[in-house]
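Take a look at the letters that make up each chain.
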Amino acid sequence: MELLPVLVLNGLVWGLIVALIALGLSIIFGLLDFVNVAHGDFFMVGAVLAWVLIDRTGNFWIAFAIVPAIGLVAGGLIERGVLKAVENDASLSIVASFGLSLILQEGVRATYGATPKRILDPIGVTFPVFGLEYEFYRLFAAGVSVIAMGAFFLFLHRTKFGTWMRAVRQDREIAIAMGVPSERIFMWTFGLGTAMAMLGGVVAAPLTSVEFRLGLDVLPLCFIAVIVGGLGNLPGTAAAAILLSVMEGAITSFAEPTTARIISLVFMSVVLLVRPRGLFTGLAT
Amino acid sequence: MNPGVVLLAACALAAPLVLADYQLIFAAEILVWGLFALSFGLVYGFGGMLSFAQALYFGMGCYGFNVATYKYALGTWSALAAGVAAAILFAIPTGFIATRVRRHHFLIVTVILSVLTSAMLASGHWRWIAGPYVTRSLPFVPTLAIGPWELSFASEAFTFYFSAAMVAAAVWLAWRLVSSPFGRALAAIRDNEARAELLGLNVNLLRWLMFTFAAGIAGLAGTLYVLLARYTNIEFFDWTYSGKAVVAAILGGASSLAGPFAGMAFYLATTEYLSRYMQQVAVAFGLLLLVVVRFAPEGIYVAIARRLRDAFRQKQ
């Protein structure tokens with residue numbers, strides 16, 4: 001029980017990272033109506049690229065700077081080149097992104113290998129919290145997620161491009177009629193979503209073991225956060241992801257991790273049945 | 001009788017004469033996994049429910065079979081029935097929860113159900129539920145009593161015939177169901193739920209019934225797979241296995257009964273064939289999926305059937 005604060009803190013850190021990834025999924029889902037089954041694998045690719053870059057250069061910060069940019073460009077290109085044809089059809093988007101997911105997973109397995117690898121804590125400073133030595137890097141990871149999400153919301157509400165994105169989501173036809181360049185919006189939305197997943201991957205890489213199946217656990221969590229937070233409700237998505245992880249962390253202090261996972265999933269199912277339009281719909285805004 | 005059905009039946013009867021033993025088992029595997037894909041086709045193509053939970057019922061089929069043979073030492077027929085019953089019994093509560101919500105929410109609820117069940121079975125608690133029934137290699141070769149004969153699944157030809165016959169029976173049942181008034185009502189719900197409700201249809205009940213029926217089909221596929229492969233794995237419960245059914249069914253054409261079989265045959269045959277020539281089969285298959293989705297978005301089977309029909313009409 002004395003571990004409770006630390007476990008809750010761990011849950012909060014992990015929840016913030018998941019929130020970042022889930023936000024990326026949510027904008028792709030909401031704007032393109034594209035059920036992106038490969039989103040978890042972009043997260044995995046981010047972590048793997050981080051490992052590779054650290055291996056080559058010995059410097060975490062290079063990976064930290066480059067990988068999200070790679071995600072932005074690669075995501076945009078993939079949307080333009082491959083996924084264009086299947087947008088607005090949820091079932092086809094699942095097949096297409098399943099294909100993409102196979103390519104990413106097996107491509108990584110073929111080149112990077114199947115054995116999980118670890119990255120050393122890039123900061124390597126600890127400080128005492130509640131009687132335990134706590135890694136400073138975890139706080140840094142949480143901070144990066146918060147800043148990235150904050151920057152994203154600013155981008156969405158304060159720039160022309162962000163306004164266009166919101167307009168296309170609200171009413172695509174009217175937005176196009178008003179002269180919003182929807183093709184470009186779709187392309188960069190997918191790129192932005194992918195970049196967020198890959199940034200999540202880089203940040204999470206030193207906290208877990210890096211392997212080609214990393215995305216499989218994260219994807220259901222992100223989908224659950226997107227739906228429980230309320231479809232299209234971006235702050236709700238982030239809040240649901242954080243709630244899910246903090247709850248799991250708190251329960252882990254008196255039960256085993258799988259039990260914690262089960263309890264939080266049951267809770268989410270109940271939420272969906274009681275409030276099918278999302279936890280936060282109709283509260284404010 | 002439909003000439004296509006006669007042709008298929010003739011092919012199935014002749015198969016053991018033409019194919020080598022391992023090819024027969026491969027053909028039987030295509031049929032059984034195709035039946036699994038059909039269970040997704042029924043909920044999605046005919047019921048409009050994008051389910052990621054079909055693997056749960058496939059897994060429950062294996063589970064029921066294992067409980068029946070391990071705990072109660074029952075024969076193969078009873079074990080078959082137990083597998084299907086286990087899937088249906090599990091689908092009644094889980095389907096009730098899932099079919100109350102719609103569209104994307106339905107998808108997520110089925111994902112949650114899958115992750116939840118896998119987590120419970122994998123956790124190591126609840127040994128009295130998971131027992132040795134989830135991951136198991138059959139320590140014996142099952143046999144089947146038909147009339148005075150005792151036939152063994154050690155024979156590839158018998159295994160193939162039996163799988164084909166059971167799959168054919170299940171497809172016939174599914175065909176009767178979707179062409180019945182119940183199937184029509186369900187199609188109406190899929191196409192326009194508000195109107196169907198105004199017509200006085202009990203939407204949730206009908207969706208629930210279809211979901212449960214499809215789960216029974218998935219359970220049968222799971223049970224047949226145990227007889228075929230003689231092993232079961234906790235992986236069968238995983239949502240990624242549901243993903244395979246989703247991909248195969250949509251690839252073949254989810255709104256036809258033959259489509260899911262065509263899609264699964266394509267999936268298994270290409271991965272099997274490609275794996276002889278290259279290491280990275282899955283990458284090639286992923287690329288293939290993207291190509292198919294681009295050029296035959298309604299599904300391979302449906303696209304080819306339409307082309308053939310058009311060509312035939314032009315000749316006349």
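Residues numbered from 1 in each chain as written. Chains lettered and ligands numbered in written order. Predicted model: local features only at pLDDT ≥ 70, side-chain atom pairs only at ≥ 80, totals over all residues.

Trainee: Explain the overall build of chain B here, please?
Mentor: For chain B, the helix and strand inventory stands at 14 helices and four strands. Over its C-alpha trace chain B gives a radius of gyration of 20 Å, about what one expects of a compact globule, namely 20 Å for 316 residues. Taken along the three principal axes of its C-alpha coordinates, chain B extends 55 × 45 × 45 Å. By the burial criterion, 46% of the 316 residues in chain B qualify as buried. The contacts in chain B between residues at least 6 apart in sequence include a share of 73% that link residues at least 24 apart. (Helix = DSSP H or I, 4+ residues; strand = E, 2+ residues; numbered from the N terminus. Rg over C-alpha atoms; globule rule 2.2 N^0.38 Å. Buried ≥ 20, exposed ≤ 12 C-beta atoms within 10 Å, placed from the backbone. Contact = placed C-beta atoms within 7 Å.)

Trainee: Honestly, the interface of chain A and chain B in this entry has me stumped. Any pointers?
Mentor: By a widespread convention, an interface's size corresponds to the accessible area lost as its parts come together. With 32 residues of chain A at the contact, the number on the chain B side is 34 residues. The element that contributes the greatest number of residues to the side of chain A that touches chain B is helix α4 (residues 90-112) of chain A, accounting for 14 residues. Grouping the constituent residues of the side of chain A that touches chain B by class yields 25 nonpolar, five polar and two charged. (Nonpolar A, V, L, I, M, F, W, Y, C, P; charged D, E, K, R; others polar.)

Trainee: Is there a simple way to think about the environment of leucine 8 of chain B in this case?
Mentor: Residues and elements named next belong to chain B. Mapped onto the fold, leucine 8 is located in helix α1 (residues 3-18). For leucine 8, a count of 15 C-beta atoms within 10 Å translates into the label partly exposed. Residues leucine 8 and phenylalanine 26, 18 residues apart in the sequence, show an inter-C-alpha distance of 17 Å.

Trainee: Which parts of the structure should I look at to understand unusual backbone geometry?
Mentor: Among all residues except glycine, the phi angle is most often negative; among peptide bonds, the trans geometry is most common. Residue and element names in this part refer to chain B. For arginine 230, which is not a glycine, the phi torsion comes out positive at approximately 60 degrees. Along the chain, arginine 230 falls in the loop between α10 (203-229) and β4 (231-232). A tally of 15 C-beta atoms within 10 Å means that arginine 230 is categorised as partly exposed.

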